[in-house]
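# Understanding the architecture of this molecule
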Amino acid sequence: MKLITAVIKPHRLDDVKAALQAFGVHGLTVTEASGYGRQRGHTEVYRGAEYTVDLVPKVRIEVLVEDDDADQLIDVLVKAARTGKIGDGKVWSVPVETAVRVRTGERGPDAL
Amino acid sequence: MKLITAVIKPHRLDDVKAALQAFGVHGLTVTEASGYGRQRGHTEVYRGAEYTVDLVPKVRIEVLVEDDDADQLIDVLVKAARTGKIGDGKVWSVPVETAVRVRTGERGPDAL
Amino acid sequence: MKLITAVIKPHRLDDVKAALQAFGVHGLTVTEASGYGRQRGHTEVYRGAEYTVDLVPKVRIEVLVEDDDADQLIDVLVKAARTGKIGDGKVWSVPVETAVRVRTGERGPDAL
Amino acid sequence: MPDGFSAGDTAFVLICAALVMVMTPGLAFFYGGMVRAKSTLNMLAMSFLSLGIVSVLWVLYGYSLSFGPDAGAGLIGNLDFLGMHGIGLNDLTGTIPVTAFSAFQLMFAIITPALISGAVADRAKFTAWGLFIALWVTVVYFPVAHWVFFFDGGNGGWLGDRNGVIDFAGGTAVHINAGVAGLALCLVLGKRVGFRKDPMRPHSLPLVMLGSGLLWFGWFGFNAGSALAANGVAAMALINTQVATAAALLGWLIYEKLRHGAFTTLGAASGAVAGLVAITPACGSVSPLGAVAIGLIAGAVCAAAISLKYRFGFDDSLDVVGVHAVGGAIGSLLVGLFATGTVGQSAKGLFYGGGLEQLGKQAMGVAVVGAYSFVLSWLLAKAIDSTVGFRVAEDVEVAGIDQAEHAESAYDFSALGAGPARITLAPAVAVVAESAPGTASRTADKNAEKTEVDV
Amino acid sequence: MPDGFSAGDTAFVLICAALVMVMTPGLAFFYGGMVRAKSTLNMLAMSFLSLGIVSVLWVLYGYSLSFGPDAGAGLIGNLDFLGMHGIGLNDLTGTIPVTAFSAFQLMFAIITPALISGAVADRAKFTAWGLFIALWVTVVYFPVAHWVFFFDGGNGGWLGDRNGVIDFAGGTAVHINAGVAGLALCLVLGKRVGFRKDPMRPHSLPLVMLGSGLLWFGWFGFNAGSALAANGVAAMALINTQVATAAALLGWLIYEKLRHGAFTTLGAASGAVAGLVAITPACGSVSPLGAVAIGLIAGAVCAAAISLKYRFGFDDSLDVVGVHAVGGAIGSLLVGLFATGTVGQSAKGLFYGGGLEQLGKQAMGVAVVGAYSFVLSWLLAKAIDSTVGFRVAEDVEVAGIDQAEHAESAYDFSALGAGPARITLAPAVAVVAESAPGTASRTADKNAEKTEVDV
Amino acid sequence: MPDGFSAGDTAFVLICAALVMVMTPGLAFFYGGMVRAKSTLNMLAMSFLSLGIVSVLWVLYGYSLSFGPDAGAGLIGNLDFLGMHGIGLNDLTGTIPVTAFSAFQLMFAIITPALISGAVADRAKFTAWGLFIALWVTVVYFPVAHWVFFFDGGNGGWLGDRNGVIDFAGGTAVHINAGVAGLALCLVLGKRVGFRKDPMRPHSLPLVMLGSGLLWFGWFGFNAGSALAANGVAAMALINTQVATAAALLGWLIYEKLRHGAFTTLGAASGAVAGLVAITPACGSVSPLGAVAIGLIAGAVCAAAISLKYRFGFDDSLDVVGVHAVGGAIGSLLVGLFATGTVGQSAKGLFYGGGLEQLGKQAMGVAVVGAYSFVLSWLLAKAIDSTVGFRVAEDVEVAGIDQAEHAESAYDFSALGAGPARITLAPAVAVVAESAPGTASRTADKNAEKTEVDV
Ligand SMILES: Nc1ncnc2c1ncn2[C@@H]1O[C@H](COP(=O)(O)OP(=O)(O)O)[C@@H](O)[C@H]1O
Ligand SMILES: Nc1ncnc2c1ncn2[C@@H]1O[C@H](COP(=O)(O)OP(=O)(O)O)[C@@H](O)[C@H]1O
Ligand SMILES: Nc1ncnc2c1ncn2[C@@H]1O[C@H](COP(=O)(O)OP(=O)(O)O)[C@@H](O)[C@H]1O
């Protein structure tokens, strides 16, 4: 099994979720994150002190998938998340040794 | 070494932490997350506009363990997190190549 | 490629970011987290009820790097994050199979 | 306007009515900040509901039952003023229009049941709460207000006018009354899930401080306004209110530092409220120095009293008993010691040569109101609980009562304004579509859904 | 002070002026809590800007245009009082200093444009908004206030003084006026990005409740103060305000429970405001029972009216039309039914044997103010939009208008107080350095940067 | 009540006292929102502590030192009124009860030290702060109030009554006094850890706006109430307060837009406060147009002045110097230019043909109060610092002073109400257990623990 992690722009989450559902993904886990990269931050001013905020809000998505679906799922995810503007984010996959569904104790594919 | 990641119901965190301590785990890292899956969300109403909130609050736990303890730890964790109701969550493990304790620079098992 | 994950003290983030930039890292992803470990928490009192808060705020950093830079990057990161006091945190690395830049679809090293 | 009318007194009482009104939102924030984020809205809504229900009942019959001509023995007013009928624009109560007096007193009737809500935080069905407010003000507050606040030259209320119990602004009628009712209510509803086990720290102390600030501010209207005139008594009541509150704030902080090792902001806010409660019955009869003494005592004693709920195991969630019942009793009884006889009235307390007589009267007032309120409140709560049911389901409580009872979330600070929890607005369309099955069904199985939420 | 002066009335009106002033911050919180966190500050700033601009214009010429001697036909005041020149310290309006009356009326002029801002939440250029306020009060509010509020024995404003339209405290001049202007404005600006599609739930309902609490509190000054004296009429206006608001709160909650299955706190707050709006024109002419009726009707009807924007597809973001235009019209018309003729004035409504005459006058008032305000507001908005531009860029709106227009974030709750978003203070040094290229440049390409922010 | 008594004036001053009281919580929110979340509670608590301590001292001896019969040379009051003894219920100050005047003035004494707290945000030991308040009001505020506010037909305070320094409501006695004391305090305590390096942006601007709104509201009581009567002067003071504040809000925004490229909400709030400060000494002697001028100047100048701390490197954390010292000085001096001689008093300013005389007096007032306050405040701070110590440990400051000094967290918005930080309630049991070793020990090694927290 694989764990696909994606760091994307927050306002793309809806579309990504929809695309993954369409693709047949039954679940995913989301965390709020911030990213530093090519995308510039912005400036804020408080009583004359100007601050540059160089981390921008991102959303981090984790999806467990069976090995065979991994590549296709990555493509689906990337397509749904893309705006073409700097800061669209990254997607990566790592190998998973075991996955368990807490409720039932099922392992492997059945855990999804 | 292995990294065990668990996504569970927030109100199980106490028991899981206790169980892991009992099992001999010296530390863990927790992040607030939200999950989408079989568990349904709920409806909210604001001035006549009804919203369906389909992500539910979850807690994400990460624990580094030595290879030999991994399976047993997963069992302990799953048992402690289980309520038997839909939405109990997932636990998965991935292989870790190196782990370092920042304070001392110790590596491998000593880092835990 | 490797994914380096670091859990550090929040007020070290600036220095770590600076050190990584100097090292040539072009991006990273940050999440707020809480950690349980050797570092003690603190006590709070609300109308006579004393609570012990045993999770302490941490910051979780994720960096994708090419295999050859991994070890060096870990050293840089550990040095920058260190205060020498209990609670400095952990750094670990896991193998990454594919990494994609959402904006362009570039894969592998080019995705960074 | 007729002879005897005073524009100055009217201006004062009308503004004081506005000040007392703002106490109820203030209380809502004071309470709302103390609960967990997942039940904040319910806490706020319980107070706002009192604003809604009591105001309407007051016009319909509340004013008449409380301040209509005595129906006999000083127990209750008659029905002459149903619907506030027959009250002329220029009829006076003392030097002010009757309507001004009625508006001022209405605000007292609103905040009293609102005070009770703190005892049943996180777990009361909203409809049951509304029902309770309506019944409680009718059978408890209106009569008690008549006993204590209705003066008619010896033919008024039996406690105040006929038996000389001194309660300048409501230590018995408002605070003991509400505090004891809170005890009855939390006994009937039972403890919150996780009481003494789960963490239940306040989700926003700045909100609590805001509430205490508005309460303190509005309380000047509550106490000084009770002079019903802008005169020396009002001025004395006002400064006594300020210094007693300040002293209680210090008293609570000192107790806390000694007992728990820290000066907490929640302690400062709680001490201030305890002082406001304690000086309420006394502000019209003591000196500023007496007020300081009353405040110090009330602050320290209430700080200690709130731990009773742990010793005896009743879940008076936001310490309505420890602060309002205890604080109200302290203030009412201390009148018997500190009344100078030279401020609002002539009865002297023990320390001013008045002997024990007034103390006895005060004790009677405390006992009578406390006993009556406890019994009636307990019966009402039981009746409601065994009919419509007073408490929400356990999983609703665990998920947070706001979701099930109000279908809202108090906060959403996420970058996009929708939180990690994503939202689809489809139903908004349903709202406008003539046939809204989606809406219907969604609403229908809402409770079913609720049982899963966040658990 | 001269004969006819009343210290009591002056005290009352001065305090009422303070109460009305606090309504504008209250409105800011009511609106600010309803939008997403990323545009909260803009919402707050739009109201505070009105405090700034209108106060200055009022002194310069606003008071004179509104309450200067009639320039002809009751359409507008003349320029006698430019700069409030020639108003003696002891000159009186009725029984109070002219300055007191002027200060009281100023607060009305401030909140009216602020009310409009709710219709254009999240998307209006701040400079354009400031320009709109200045022009709008000049060509719309000041004249309309003259029509409705300026009484001069038959030589005053043409609606109120000359044609007997009853608007005690501003149902037409303030609420219909602002509500209709809001409609014009949101039509010109267009819908928010994602209207009816994206989640746009309130980011802080406690902030909304705070706003509604302050509005309710300040509104006593607004309505009772409009009697311009501390007398029986003021007292009646005050109690009517309280009970109508309470009834509307209940009316809205009931409608919502039936239609959407939940009693929401936002509904309680919205109902209260709807009630305050509806009773505003009527509080000086109806009985408490009449006020209850008006409140119940207003609460339920406004709760239904807010869905109009979905049916007709205009993005009146915070329901200025549904609450203020509709609520103001309801209250103004119901005066024609519920006026008793025994409170503030003698005209009787239909239910009190007055026939349809007053109702006709009321209808005219509603129609005239509504039509005038809509046309003028639409023209002003168009003019501004086609010159300086009224709306921010789409990516700015998506990123949150606060960043681009105010260079601030409303909240930062992170452990370190800088949020995951790290900050460098270099520019603070630049601020003091004589040559601040860093600052300059940074400021220069700010908009460029903005276009990337958080999108 | 005796001859000369006015119910209208009494009503006015009593309500104004309540308005001034609410300024201190308002200030707490204004300051509390500007600091990082981890030190919000300490910021709030510093203001509330002033409410507690000063009120009690006022009754004990503060009123007597400030407003007791002059002890000589107009330097200080005597001890005739210790414990407010011997003040009859109906004794009058002018047309109002002495108690009303005393209560009104007490509120001034409370907010002045609270204003100072902004200069030492995030780092002052709470006990040391309490000690400072007590000493400072005793040796600085009470005497200075006597100099400026005590009038006794030429035998009163040496600045106001004897030398004609015009300070209607406290530009010197309150604002310069507090502002300069803030400078002394932050010099003694030193800079915050990370000053000019770490991000220190406000954690909640809505809280700041709430504070500014309450300050603006309460300030009407502060300024208009200083007329001590509901008359033409009070009305003029009120409208001047409104328009000067509005103009200053605009002045600050314009400066900021030109200098930093954005209209910030914090700038709007800060400008409003700067305007309120500047008009305080002048509201009783200038015209509305003069008030607008004073406001515009104060807003722009203060906006520039706050950068002084960066140039000179003192950490006046929340700009007490830039806003209160500078704003107070501007207002006090401008009286010498804009006084019309026709409002509250007869002295004419330069622009009204009064020559430079009054300007000279004003300059003296500014210099005297500034110098006295700086020296005494510096000595007190030094004394406290070298005895009990004034500043918390560095790691406590880094972790957030709230944890160590108040053992609380300001917010907890997490789903479960316990935040990612889990909590065990064991001690709550300990609280009730007779022997509470757990509690004891936990309290004992609290500081030890603190040193690790979050660092
Ligand atoms: N090396 C990296 N490791 C982990 N996350 C990264 C890395 N580089 C970029 N990111 C994440 O991807 C986001 C987008 O990257 P950025 O360089 O801004 O734009 P783009 O991916 O379009 O080139 C960043 O905000 C960060 O969250
Ligand atoms: N494929 C997946 N990848 C990652 N996380 C998942 C996946 N499926 C479910 N989850 C997480 O597990 C949680 C519980 O899953 P759910 O399907 O609701 O219940 P259950 O696990 O009991 O069947 C979800 O809320 C989500 O956080
Ligand atoms: N086994 C573990 N798995 C995952 N994270 C851990 C583990 N042990 C510690 N951590 C993280 O590292 C942080 C620091 O660990 P701690 O034991 O407190 O100090 P130190 O690392 O200096 O010995 C913890 O707060 C936690 O976030």
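Let me sum up the structure you'll find in this document. (Residues numbered from 1 in each chain as written. Chains lettered and ligands numbered in written order. Predicted model: local features only at pLDDT ≥ 70, side-chain atom pairs only at ≥ 80, totals over all residues. Heavy atoms only, no water.)

## A look at the overall build of chain A
- Tallying secondary structure elements over chain A gives two helices and seven strands in all.
- Secondary structure elements of chain A, listed N to C terminal, follow the sequence β-α-β-β-β-β-α-β-β.
- Relative to the 2.2 N^0.38 estimate, which gives 13 Å for 112 residues, the radius of gyration of chain A is 17 Å and therefore markedly larger than a compact globule would have.
- Taken along its principal axes, the extent of the C-alpha atoms in chain A is 60 × 30 × 20 Å.
- Across the 112 residues in chain A, those meeting the buried criterion constitute 62%.
- For chain A, the share of sequence-separated contacts (at least 6 apart) that also reach a separation of at least 24 residues comes to 72%. (Helix = DSSP H or I, 4+ residues; strand = E, 2+ residues; numbered from the N terminus. Rg over C-alpha atoms; globule rule 2.2 N^0.38 Å. Buried < 20%, exposed > 50% of the residue type's maximum accessible area, 1.4 Å probe, protein only. Contact = heavy atoms within 4.5 Å.)

## So, the relation of the copies chain C and chain A
- Aligned on chain A, chain C shows an RMSD of 0.0 Å; the corresponding rotation is 120° and the shift along the axis is 0.0 Å. With respect to symmetry, the two chain copies, as superposed, fit the operation of a three-fold axis.
- When the interface residues of chain C are mapped onto chain A, a mere 15% of them are again interface residues, pointing to distinct binding faces. (Least-squares fit on C-alpha atoms with pLDDT ≥ 70 in both.)

## Describing the interface of chain C and chain A
- Tallying the contact residues gives 27 residues for chain C and 30 residues for chain A.
- Summed over both sides, the interface of chain C with chain A buries roughly 2400 Å², with 54% coming from carbon and sulfur.
- Interface area lost by chain C to chain A is led by C:E97, C:V102 and C:R103, which between them contribute 29%.
- Salt-bridge contacts for A:D54 lead to C:K17; the nearest nitrogen and oxygen are separated by 2.9 Å.
- At the boundary of chain C with chain A, the tally comes to 15 residue pairs in polar contact (both at pLDDT 80 or more).
- Of all elements in the fold, only α1 (13–23), β2 (28–36), β5 (56–65), β6 (90–95) and β7 (98–101) of chain C reach the threshold of two or more residues within the side of chain C that touches chain A.
- Residue classes in the side of chain C that touches chain A are distributed as twelve nonpolar, eight polar and seven charged.
- Judged from the three bridges that link them, strand β2 (residues 28–36) of chain A and β2(C) form a sheet pairing that is antiparallel. Note on β2(C): the bridge partner recorded for A:S34 is C:V30. (Buried area = accessible area lost by both parts, 1.4 Å probe. Salt bridge = Lys/Arg side-chain N within 4 Å of Asp/Glu carboxyl O. Polar contact = N/O pair within 3.5 Å; in protein donor to acceptor, adjacent residues only side chain to side chain. Nonpolar A, V, L, I, M, F, W, Y, C, P; charged D, E, K, R; others polar. Pairing = 2+ DSSP bridges.)

## Here's the deal with the interface of chain E and chain D
- Tallying the contact residues gives 61 residues for chain E and 72 residues for chain D.
- Both sides together, the interface formed by chain E and chain D hides about 5300 Å², and carbon and sulfur atoms give 76% of it.
- On the surface where chain E and chain D come into contact, there are eight residue pairs in polar contact (both at pLDDT 80 or more).
- Elements with a minimum of two residues in the side of chain E that touches chain D: α1 (7–34), α6 (205–224), α7 (232–260), α8 (265–279), α9 (288–305) and α10 (308–312) of chain E.
- When residues in the side of chain E that touches chain D are grouped by element, the largest group, 16 residues, is from α7(E).
- Residues belonging to the side of chain E that touches chain D are distributed by class as follows: 37 nonpolar, 15 polar and nine charged.

## Side note on the site of ligand 1
- In the vicinity of ligand 1 lie 20 residues, with A:R38, C:T29, C:L64, C:R101 and C:R103 positioned nearest.
- This site is not confined to one chain, since residues near ligand 1 come from chains A and C.
- The backbone of C:G27 places a nitrogen or oxygen atom 3.2 Å from a nitrogen atom of ligand 1.
- Coverage of ligand 1 by the protein amounts to 99% of the 540 Å² it exposes when considered alone.
- Contributing elements (two or more residues each) for the shell around ligand 1: β2 of chain A together with β2 and β5 of chain C.
- In terms of residue count, the dominant contributor to the shell around ligand 1 is β5(C) (three residues).
- Along the lines of polarity and charge, the residues of the shell around ligand 1 split into six nonpolar, seven polar and seven charged. (Near = heavy atom within 4 Å. Areas by Shrake-Rupley, 256 points an atom, 1.4 Å probe, with all protein chains shown as cover.)

## Focus: the relation of the copies chain E and chain D
- Superposition of chain E onto chain D requires a rotation of 120° combined with a translation of 0.0 Å along the rotation axis, giving an RMSD of 0.0 Å.
- Each copy contacts the other with its own distinct surface, as only 11% of the interface residues of chain E are interface residues in chain D too.

## Quick look at the site of ligand 3
- Around ligand 3, the structure places 20 residues, and the nearest of them are B:T29, B:L64, B:R101, B:R103 and C:R38.
- Ligand 3 sits at the junction of chains B and C, each of which supplies nearby residues.
- Contact with the protein chains removes 99% of the 550 Å² of surface that ligand 3 exposes when unbound.
- Of all the secondary-structure elements, those providing two or more residues to the shell around ligand 3 are β2 (28–36) and β5 (56–65) of chain B together with β2 of chain C.
- A total of three residues in the shell around ligand 3 trace back to one element, the largest contributor, which is β5(B).
- Residues of the shell around ligand 3, tallied by class, amount to six nonpolar, seven polar and seven charged.

## As for the environment of D:L350
All names here are of chain D.
- Checked against the element boundaries, L350 lands in the loop between α11 (320–338) and α12 (357–386).
- Look at L350 and you get partly exposed, because its relative accessible area is 34%.
- Separated by 160 residues in the primary sequence, L350 and G190 place their C-alpha atoms 41 Å from one another.
- Residues in contact with L350, not counting those within four places in the same chain, are G336, L337, G355 and L356.

## Topic: the packing of aromatic side chains
- All told, the structure shown has 78 aromatic pairs over all chains when counted by the stated rule.
- Judged by centre distance (6.1 Å) and plane angle (35°), the rings of F:F30 and F:Y31 are tilted.
- Assessed through its relative accessible area of 2%, F:F30 is described here as buried.
- On the accessibility criterion, F:Y31 (1% relative accessible area) is buried.
- Taken together, the aromatic side chains of D:W58, D:Y61, D:Y63, D:F67, D:F81, D:F101, D:Y141, D:F142 and D:F150 make up a single cluster linked through ring pairs.
- Positioned above the aromatic ring of B:Y36 is the side chain of A:K17, whose terminal nitrogen or guanidinium carbon lies 5.3 Å from the ring centre. (Phe/Tyr/Trp six-rings, centres within 6.5 Å; stacked < 30°, edge-to-face > 60°. Lys NZ or Arg CZ within 6 Å of the ring centre and 35° of its normal.)

## A word on the pairing of β5(C)
Residue and element names in this part refer to chain C.
- Here β5 lies mainly inside the structure; nine of its ten residues are buried.
- Relative to β5, strand β1 (residues 2–8) runs antiparallel, the two sharing seven bridges. Among the inter-strand pairings, T5 is bridged to a residue of β5, identified as E62.
- Sheet topology note: the β2/β5 ladder contains seven bridges and is antiparallel. By the bridge assignment for β5, V30 is matched with I61.

## Overview of the side chain of F:S226
- If you trace the backbone, F:S226 turns up in the loop between α6 (205–224) and α7 (232–260).
- Beyond its immediate sequence surroundings of up to four residues, F:S226 is in contact with F:F104, F:F108, F:F168, F:A169 and F:G221.

## Thoughts on the packing of helix α8 (residues 265–279) of chain F against helix α9 (residues 288–305) of chain F
Residue and element names in this part refer to chain F.
- Running from N to C, α8 and α9 point in directions that differ by 125°, and their axes come no closer than 8 Å. Between α8 and α9, the interaxial angle falls into the category oblique. Both α8 and α9 take part in a crossing whose hand is right-handed. Two secondary-structure elements touch here, α8 through A274, A278 and I279 and α9 through A291, I294, A298 and C302. (Axes fitted to C-alpha atoms, helices over the stretch in contact; angles between N-to-C directions. Parallel < 35°, antiparallel > 145°, perpendicular 65-115°, else oblique. Left-handed = near helix turned anticlockwise from the far one by under 90°.)

## Comments concerning the environment of F:V174
Residue and element names in this part refer to chain F.
- Position of V174 relative to the elements: it lies in helix α5 (residues 171–189).
- Considered as a pair, V174 and L214 are 40 residues apart in the sequence and their alpha carbons are 18 Å apart.
- Beyond its immediate chain neighbours, meaning those up to four positions away, V174 contacts F108, T112, L115, Y141, A169 and F222.

## Notes on unusual backbone geometry
- Its identity as a non-glycine residue notwithstanding, E:M84 has a phi of 50°, on the positive side.
- Look at E:M84 and you get buried, because its relative accessible area is 6%.

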